[in-house]
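# A structural walkthrough
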Amino acid sequence: MSVTAPPARFTADPGATLSPHSYLDVAYEDKLALWEEVKADDRFADYLYGCYECGICVAACPSAKFYDFSPRKIAQAAAREDVELIYEQMNDDVWNCSQCFSCNRCPRENSPGGLITLLREVAVRNGLGTAKEALEGYGRVVYKIMTTGTQISPDMLQPDAFPDWGPDVEKTSDNLELWRRALPPETLHTTEMSWQVSNETLIELYLIWLHSDVMDMIAEADEGLHMIILDVMEETLEDAGYEV
Amino acid sequence: MIESTSIPLSAIRKPPLPNPADAPTEDIREQLYELEEAGELIVQRVPGPYIEVMTKYGRTKKIPEQMTWHHKSCGQCGHIPGYSTSIFWLNRQFGMNYVDPTDQTSCTAWNYYASATSNAVAQAAVASRNFAAAYETGYFPMIHCGTSYGHYKETRQEIVHHPELRRKVRDIMAKLNKPLVVPEEIVHYSEWIHAMRDRIAKKQVRDFSSITASIHPACHYYKLVTEDAIYDPDIYGGQRTATVTGIVEALGSTVGDYSTFFDCCGFGFRHILVQRDFSRSFATQRKIEIMKEEANPDVVITHDTGCVTTLDKSQFAARAHQRNVGVPVLSDAQYAALAMGAHPYRIVQLHWHATDYTALLEKMGIDWEKAWVEFEGDLKRLESGEIEYLSWEDADAK
Ligand code: SF4
Ligand code: SF4
């Protein structure tokens, strides 16, 4: 099923959709284009087979217990192709999902969590303002994973970053270099990356980022971050004789 | 406050063994062999000797004993390094031949599930690069992280089901001078522990029979591509995944069941880093407090990076609010290592954990104060330059 024209009831009376906030300043065609991009992903057909409205996914969902959030609504909106509501979810709901995939218990074999991955990806690729907001404060993590190939480095354990984890964080941070040397596996004597990653491995990782459109996504999400990551990658690649 | 709906384990009836011919899902391995036959990819076979275990729908899965390429976890190595160290230590205790590679990146799935700043092709290419790196060494991937494991199972399905994606990934691999390789089985380290549990129990030197452990099964272990997780008719009647529970029972501990077994830990990928109010609340109110009320465990045992981190670290703030918390959290690898006599600081590295674990160590018969003094001695040797790093031999010194 594909939607070629806006169903009149959605545009004429936004209140007729389930969406309380229909982003009326955004043209329907633009919302539809984003939805078509979601559907064009190869994985879409694996994630949605209709919906019984049974709510099993909601019962299993941790985010539904904490936020005004429902995986059933995500599946419903997608199954009905309610473009207005999907656009709203793409902006307001998807970042609440904790990507645990408990909703894969769906008796209809849906994966609302998988749909959310696709919705988020399209939101980032198209630089939606809400996606940029969601990624604020997250840039350092993206930088770390893309440039070092490991995400959670020991030096991230700073008391100001994890005040709620108690005084041990400060102790770890103060003793970091020494404690890392007290680890028997030789690959773990690092503080800036989770383990020692070889330079050749990093070069291959950078080539993957460059050949898979990921850098374009980063540029849409955060131009400054894109430039910093690109600088690091270019330096390493050029040193290794690659023309970037 | 939720009401207990826990069914006593003894009440779970043992159903007949599942018949793989009736499985509602395909056997992805058959399609992998077909693609290999067609020259589309290489399937890396599980090296022998391997142990056969049963998965959810009755199919058999091969778990290699050794010749393993350890695909480390960034969260384990970065913030709870006693987790990875214990996995390696267990392998060494059995004299297993393994590789701890530097030619390995993270699966990058934590970032993907948190920020969506990637895509299916990049994710599959990162997975394939790691698989090819393992293949080149002749060793077989052993995945430490539950998320990497779940994500790689999904990636394997995508590579099999989507020819266009497969072509794009193969093109990228060609640019790296690497073949497109997919392992015959995606193996999680906790499956190795499960398969080895009787042998681990034979080497047990500490008595764990007075310990009650509540189990938290990792979501990405058994909710993503569920048919590939280990189930065992003798554990929960085959109705829940058997990993973790199997080793805890083999070590003689009591499993303290609780009603929110299926709930996630609250990790949330982005939440644990930038929206921790959710993680803290969920971890303590839906998991730790329920466990305490219903099973009053001495310890929580789980098998993934994010679960150990979230369940352990979230308790500090909850305690400040006088919540009913205070249960140490360990991985199955750390628990098994302690049972086999590992040093609590040199190997299990408990000083990286947050919730008080000293009462647990006392129950295990470990003099933790003496052990800490020994470890402080190591630190002094490191500080003075007498040694540069703590070696495996140092760590096992009596
Ligand atoms: S993946 Fe998202 S929608 Fe699904 S159960 Fe987990 S939090 Fe809920
Ligand atoms: S579990 Fe599946 S069928 Fe039931 S409401 Fe959720 S998505 Fe719909």
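These lines cover the structure that appears in this document, whether it is placed above or below.

The rules behind the values
In this convention, every chain numbers its residues from 1, walking through the sequence in written order. Whichever chain is written first becomes A and whichever ligand is written first becomes 1, with later ones labelled in order. pLDDT decides what is reported in this predicted model: residues at 70 or higher carry local features, side-chain atom pairs at 80 or more are listed and counted, and totals for whole chains, interfaces and linings draw on all residues regardless. Note that water and hydrogens are dropped before the side-chain values are worked out from all heavy atoms of the structure. A run of DSSP states H or I qualifies as a helix once it reaches four residues; a run of E qualifies as a strand once it reaches two. Both are numbered from the N-terminal end. Polar contact is the term for a pair of N or O atoms within 3.5 Å; when the atoms are in protein, one must be able to donate a hydrogen and the other to accept it, and sequence-neighboring residues count only if both atoms are side-chain atoms. Working rule for contacts: check all heavy atoms of both residues, and any pair within 4.5 Å makes them a contact. Between any two strands, at least two bridges found by DSSP are needed for them to pair. Detection works on a 1 Å grid of protein atoms alone, calling trapped sets that fit a 1.4 Å probe cavities and calling open sets with protein on both sides within 12 Å along at least five of seven lines pockets, with lining residues defined by an atom within 4 Å of a point. Grid points are joined across faces, edges and corners, and a volume is the space filled by probe spheres set on the points. Under the scheme applied, nonpolar residues are Ala, Val, Leu, Ile, Met, Phe, Trp, Tyr, Cys and Pro; charged residues are Asp, Glu, Lys and Arg; polar residues are all the others, including Gly. Residue exposure (1.4 Å probe, protein chains only): buried if accessible area is under 20% of the type maximum, exposed if over 50%, otherwise partly exposed. One heavy atom suffices: a residue is near a molecule or strand as soon as one of its heavy atoms comes within 4 Å of it.

## Here's the deal with the side chain of T305(B)
Residues and elements named next belong to chain B.
- With respect to the helices, strands and loops of the structure, T305 is situated in helix 14 (residues 305-313).
- Within polar-contact distance, the side chain of T305 engages the side chain of Q76 at 3.2 Å.
- Discounting residues that sit within four places of it in the chain, T305 has contacts with S73, G75, Q76, I80, Y83 and C145.

## A word on the sheet that holds strand 9 (residues 254-255) of chain B
All names here are of chain B.
- Taken in spatial order, the 4 strands of this open sheet run 9-8-10-11, and their pairing is parallel. Two strands lie at the open edges of the sheet, namely strand 9 and strand 11 (329-331), each paired on one side alone.
- As paired elements, strand 8 (residues 212-216) and strand 9 share 2 bridges and run parallel to each other. Note on strand 9: the bridge partner recorded for T212 is T254.

## What to know about empty space enclosed by the protein
All names here are of chain B.
- Considering all chains together, one arrives at 9 cavities of 30 Å³ or more under this definition.
- In this structure, the largest cavity spans a volume of roughly 140 Å³.
- Around the largest cavity sit 14 residues that line it, and D27, I28, R59, E227 and D228 are the ones nearest its centre.
- Secondary-structure elements contributing two or more residues to the lining of the largest cavity are helix 1 (28-37), strand 3 (60-64) and helix 6 (146-161).
- Along the lines of polarity and charge, the residues of the lining of the largest cavity split into 2 nonpolar, 3 polar and 9 charged.

## Some remarks on the pairing of strand 6 (residues 140-143) of chain B
Residue and element names in this part refer to chain B.
- Burial of strand 6 is two-sided: the residues F140 and M142 facing one way and the residues P141 and I143 facing the other way are all buried.
- As defined by bridge partners, strand 4 (residues 68-71) adjoins strand 6 across 4 bridges and the pair is classed as parallel. The residue of strand 6 that forms the bridge with W69 is P141.

## So, the site of ligand 1
Residues and elements named next belong to chain A.
- Around ligand 1, the surrounding shell holds 14 residues, and the nearest of these are C61, C97, S98, C100 and C103.
- For the shell around ligand 1, the secondary structure elements donating two or more residues are helix 5 (62-66) and helix 8 (112-125).
- Within the shell around ligand 1, the residues separate by chemical class into 9 nonpolar, 5 polar and no charged.

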